[in-house]
Amino acid sequence: MAELLKGKPVADRLANACAVRISALLDKGVQPRLAIVRIGDNPGDEWYANAATKELAAAGVDSFVIELEGRTPQDIVVHTLKNLSADDAVAGILLMRPLPAHFNKEKVENAIAPEKDVDGMCDVSLAKVFRGDSKASLPCTVKAVLHLLDFYHVELEGARVVVVGRSLTIGKPLVQALISRDATVTLAHSKTLNLSQLTREADIVVSCMGRAHALTGEFFSEKTVVIDVGTNEDKDGKMVGDVDFGAVEPLVQAITPVPGGVGAVTTASLLEAVVSAAEYLTIENS
Ligand code: NAP
């Protein structure tokens, strides 16, 4: 039976560490505040925005959501993000993705000031990640994966890691972050041949492919640590991961559940990023 890598204790530890920093900011008269920008009516975005707002409020961090219609012209979105970037009362900006298909992603994402980019999406943030800058603003999901691995003392130095999924939101920055931690990383995607052979030989498999229950027992060995980032709906509308948990859990060394694994740490990582952004602004403005 595998060790269950639950997200809640990791998130609790992060929130506790943030509490001290938030109280230091409040003592200086600084209220950390996050602006969340949602475009269109994706129910997943609404769920995440609500969960984030609730968790931040419980920690003493303000947040507000700007909801824009899916048909909002790109210029208005860019203008909104630039205004938030210039607003001293806003420490961090989270733009929900994916963006509507007709948008020029690069233009929209780069309208966020790098120092307020709490989900590591603008070019400056990505360049820092690829340079291996330890202060780079990583996407919250990537940070959540690293926090989970560290909390459960999973050794990264020299470990063979397979990341399945090459999006700029998760897979690619995660690979860079893992390389910076001295792991030996293989990035797999939908055109990868013999995926199960690669994953079976890995010490750690991180799946961020967004395919419900696509990874079954044959993809793993008894020594694999499995990190399942996927959040997908199964045919009954239930949230499930990329990994077939029921079949895989008895076979591997350790595994994250879905829900209750990476996702639980992602909102805590967002909290941490907003606190860091507020601290940075305070130093800049002093
Ligand atoms: P995405 O942009 O759709 O990227 C999916 C990646 O998976 C692509 O690179 C794709 O390859 C690859 N892929 C798809 N099918 C594959 C297959 N059969 N074999 C190997 N690779 C395959 O998705 P994303 O935005 O990165 O999100 C991935 C998952 O993470 C989703 O389920 C999303 O809901 C979840 N998510 C979770 C959290 C959390 O906190 N837990 C946060 C954000 C997102 P190609 O490039 O070749 O197409």
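Placed above this text is the structure.
This one's a predicted model, so the numbers in the text were calculated from it and none came from an experiment. (Residues numbered from 1 in each chain as written. Predicted model: local features only at pLDDT ≥ 70, side-chain atom pairs only at ≥ 80, totals over all residues. Heavy atoms only, no water.)

Draft legend 1. Inspection of helix α6 (residues 140-151) at higher detail. For α6, with twelve residues, the first-to-last C-alpha span of 16 Å sits near the 16 Å given by 1.5 Å per residue. Listing the buried residues of α6 in full gives C140, T141, V142, K143, A144, V145, L146, L148, L149 and F151. The inward-facing, buried residues of α6 abut α1 (8-27), α7 (171-180), β7 (204-207), β8 (225-228) and α10 (262-285). (Helix = DSSP H or I, 4+ residues; strand = E, 2+ residues; numbered from the N terminus. Expected span 1.5 Å × (residues − 1). Buried < 20%, exposed > 50% of the residue type's maximum accessible area, 1.4 Å probe, protein only. Contact = heavy atoms within 4.5 Å.)

Draft legend 2. Layout of the side chain of D117. The topology assignment puts D117 in the loop between α4 (105-109) and α5 (123-131). R97 provides the closest opposite charge to the buried, salt-bridge-free D117, at an N-O distance of 6.9 Å. Among the polar contacts listed, one links the side chain of D117 to the backbone nitrogen of M121, at a separation of 2.8 Å. In this structure the side chain of D117 is engaged in a polar contact, spanning 2.6 Å, whose partner is the side chain of S125. (Lys, Arg positive; Asp, Glu negative; His and termini not counted. Salt bridge = Lys/Arg side-chain N within 4 Å of Asp/Glu carboxyl O. Polar contact = N/O pair within 3.5 Å; in protein donor to acceptor, adjacent residues only side chain to side chain.)

Draft legend 3. Representation of the site of the ligand. Around the ligand sit 19 residues in total, of which R166, S167, S190, T231 and T266 are the nearest. Between V229 and the ligand, the recorded distance is 3.2 Å, taken from a backbone N or O atom to a nitrogen atom. With respect to the ligand, the side chain of T266 contributes an N or O atom lying 2.7 Å from an oxygen atom. With the chains in place, 68% of the 940 Å² that the ligand exposes on its own is no longer accessible. (Near = heavy atom within 4 Å. Areas by Shrake-Rupley, 256 points an atom, 1.4 Å probe, with all protein chains shown as cover.)

Draft legend 4. Representation of the side chain of T72 within the structure. Residue placement: T72 occurs in the loop between β3 (62-68) and α3 (74-86). Leaving out residues up to four positions away in the same chain, T72 has contacts with V77, H102 and F103.

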